[in-house]
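Working through the structure, step by step
So the chains spell out like this:
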Amino acid sequence: MLPEMTQGDDGGTAPPARDRRPTDRVALSADLRAALPDASAAILVTAAVFAFLYARMESGDSATVAVMPFMDDPGTYWMYLLSQAFGWSGLLWAWGTVMLGLLLSGPRPARLPVSRQVLERWHRTTSLTTMALMFAHALMFAAELVRYEAQLAWAERLWAGFADTFVPGWYDSGTGRIAIPIGQGALYLAVPLGLLFYVRHRIGANTWRRLHRFVIVVYVLSVWHTLLYGTNVWYGEWPRTVLWLLQLPVGLLLLLRLLRPARRSERLGPLQRREGVSLPGWAARATGRAAAGAVVVGLLIVVVSGHDGGRDRPAEPPSTSPHAPEPE
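Residues numbered from 1 in each chain as written. Predicted model: local features only at pLDDT ≥ 70, side-chain atom pairs only at ≥ 80, totals over all residues. Heavy atoms only, no water.

1. Some thoughts on the overall build of the protein
Along the backbone of the protein there are 12 helices and two strands. For the protein, the residues scored as buried account for 37% of the 328 residues in total. Partitioning the intrachain contacts of the protein with sequence separation of at least 6 by distance along the chain shows that 68% fall at a separation of at least 24. (Helix = DSSP H or I, 4+ residues; strand = E, 2+ residues; numbered from the N terminus. Buried < 20%, exposed > 50% of the residue type's maximum accessible area, 1.4 Å probe, protein only. Contact = heavy atoms within 4.5 Å.)

Structure, rendered in structure tokens:
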């Protein structure tokens, strides 16, 4: 919206007044209050997932115990289970906020169950909740590591738990050497990309829009981290299949968003030499569409074939584990 022109004392037209508070500006504090019901629902989901994982471990059916047999006592490893529960609810909320974002940024649906303003508010509040769940997931993992390192002094235990969880490249055990830095990358990208919305009036709407596109990278890293390190989806069983299935609507919406962008300037069209169209920009958009199409095809192949990268569950639990606690 253009700023209003004001009339000067001499009857002429004065320069436009600078609007320091745009009408579409949204305060972080307002969205934090609006996110309370959403966050409460996330806590309830986390509690339900925790109870499910606890019962599975107590019954001996847990895939986590099949991977790491020493973790057969949910009363001892409850912080690890809570970390898993926060991780699963965080991934679910990340899925929801990405779906909302793609729905809002793509072709305008003819009919929506609620107004666009409500969908935008849901997108912002679910994004804030997702960041909180991701941090809680990492914090409980660190707390479990502090409890685990019982042979160290308290200062060393705190440092070991913090460094293994939050310092990239520090964790040096098994699959975690790759999976944990991927998860850290998702967390460290999610926070600034999510909060930049509230300062877009300072950095400019176009800059914010370009940076916000990388939110999909956060989601991809989160799913990748889960597939690599989530012991509940370690084996090629139904939980892993469901996780792959959930990526299909994300891939399809992303492809639709790229093929039919809402903004005219982002549409591909034939390559012509005219103002605002460059060969590198056209090539980047074409590559993005081809990559999204390949991802959708790949997801379909994974789901239909059943070859999802999961391991076969062993008939007997492994006699040793790289994550087993050291004797004190």
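2. A short note on empty space enclosed by the protein
For the structure shown, the criterion picks out one cavity of 30 Å³ or more. Approximately 560 Å³ is the volume attributed to the largest cavity. Mapped by element, the contributors of at least two residues to the lining of the largest cavity are helix 4 (78–105), helix 5 (116–148), helix 6 (154–166), helix 7 (176–195) and helix 10 (215–229). The element that contributes the greatest number of residues to the lining of the largest cavity is helix 4, accounting for nine residues. Classifying every residue of the lining of the largest cavity by side-chain character gives 15 nonpolar, 15 polar and no charged. (1 Å grid on protein atoms, 1.4 Å probe; cavity = no way out; pocket = protein on both sides within 12 Å on 5 of 7 lines; lining within 4 Å. Points joined across faces, edges and corners; volume = space filled by probe spheres on them. Nonpolar A, V, L, I, M, F, W, Y, C, P; charged D, E, K, R; others polar.)

3. Here we look at the nonpolar core
Core analysis: the biggest nonpolar cluster contains 19 residues, and M71, Y80, F141, Y229 and Y235 have the highest contact counts within it. If you list the elements that add at least two residues to this core, you get helix 2 (36–59), helix 3 (63–67), helix 4, helix 5 and helix 7. Of the residues forming this core, the biggest block, four residues, is contributed by helix 3. Apart from the residues within four sequence positions on either side, F141 is in contact with Y80, S83, T165, Y171, I180 and Y229. (Core = buried A, V, L, I, M, F, W, Y, C linked by side-chain atoms within 4.5 Å.)

4. A few points about the pattern of salt bridges
Across all of its chains, the model carries four salt bridges by this definition. A salt bridge links E144 to R147; the nearest nitrogen and oxygen atoms lie 2.7 Å apart. Of this pair, E144 and R147 both sit in helix 5, three residues apart, which is roughly one turn of that helix. (Salt bridge = Lys/Arg side-chain N within 4 Å of Asp/Glu carboxyl O.)

5. Regarding the environment of P168
By the secondary structure assignment, P168 is in the loop between helix 6 and helix 7. C-alpha of P168 to C-alpha of P181: the two residues are 13 residues apart in sequence and 5.2 Å apart in space. Filtering out sequence-adjacent residues up to four positions away, P168 remains in contact with Q184 and Y188.

6. So, the packing of helix 2 against helix 4
Contact pair helix 2 / helix 4: the axes reach a minimum separation of 8 Å and the direction vectors enclose 135 degrees. Relative to helix 4, the element helix 2 is oriented oblique. Once helix 2 is placed against helix 4, the crossing between them reads as right-handed. In contact with D38, A41, A42, I43, V45, T46, V49, F50, L53, Y54 and M57 of helix 2, helix 4 contributes W78, L81, L82, Q84, A85, F86, W88, S89, L92 and W93. Residue composition of the contact of helix 2 with helix 4, grouped by class: 17 nonpolar, three polar and one charged. (Axes fitted to C-alpha atoms, helices over the stretch in contact; angles between N-to-C directions. Parallel < 35°, antiparallel > 145°, perpendicular 65-115°, else oblique. Left-handed = near helix turned anticlockwise from the far one by under 90°.)

7. Overview of helix 7
In an α-helix there are 3.6 residues to a turn, and that puts residues three or four apart on one side. End to end, helix 7 covers 28 Å across 20 residues, agreeing with the expected 28 Å (1.5 Å per residue, within 8%). Taken as a whole, helix 7 has its buried residues at G176, A179, I180, I182, G183, Q184, A186, L187, A190, L193 and G194. As for helix 7, its buried residues are in contact with helix 5, helix 6, helix 9 (205–212) and helix 10. (Expected span 1.5 Å × (residues − 1).)

8. Considering the packing of aromatic side chains
Scanning the entire structure with this criterion turns up 10 aromatic pairs. Considering the side-chain rings of F50 and Y54, the 5.8 Å spacing of their centres and the 55 degrees angle between planes classify their relative orientation as tilted. Of this pair, F50 and Y54 both sit in helix 2, four residues apart, which is roughly one turn of that helix. Between Y171 and Y229, the aromatic rings sit 6.4 Å apart at their centres with planes inclined by 85 degrees, giving edge-to-face as the arrangement. Pair noted here: Y171 is in the loop between helix 6 and helix 7 and Y229 is in helix 10, with a separation of 58 residues, a long-range link. Residues Y171 and Y229 agree in their burial class; the two are buried. Grouping aromatic residues by their ring pairs yields a cluster made of F135, W159, F162, F166 and W170. Here the basic side chain of R200 rests over the ring of F197, its NZ or CZ set 4.2 Å away from the ring centre. (Phe/Tyr/Trp six-rings, centres within 6.5 Å; stacked < 30°, edge-to-face > 60°. Lys NZ or Arg CZ within 6 Å of the ring centre and 35° of its normal.)

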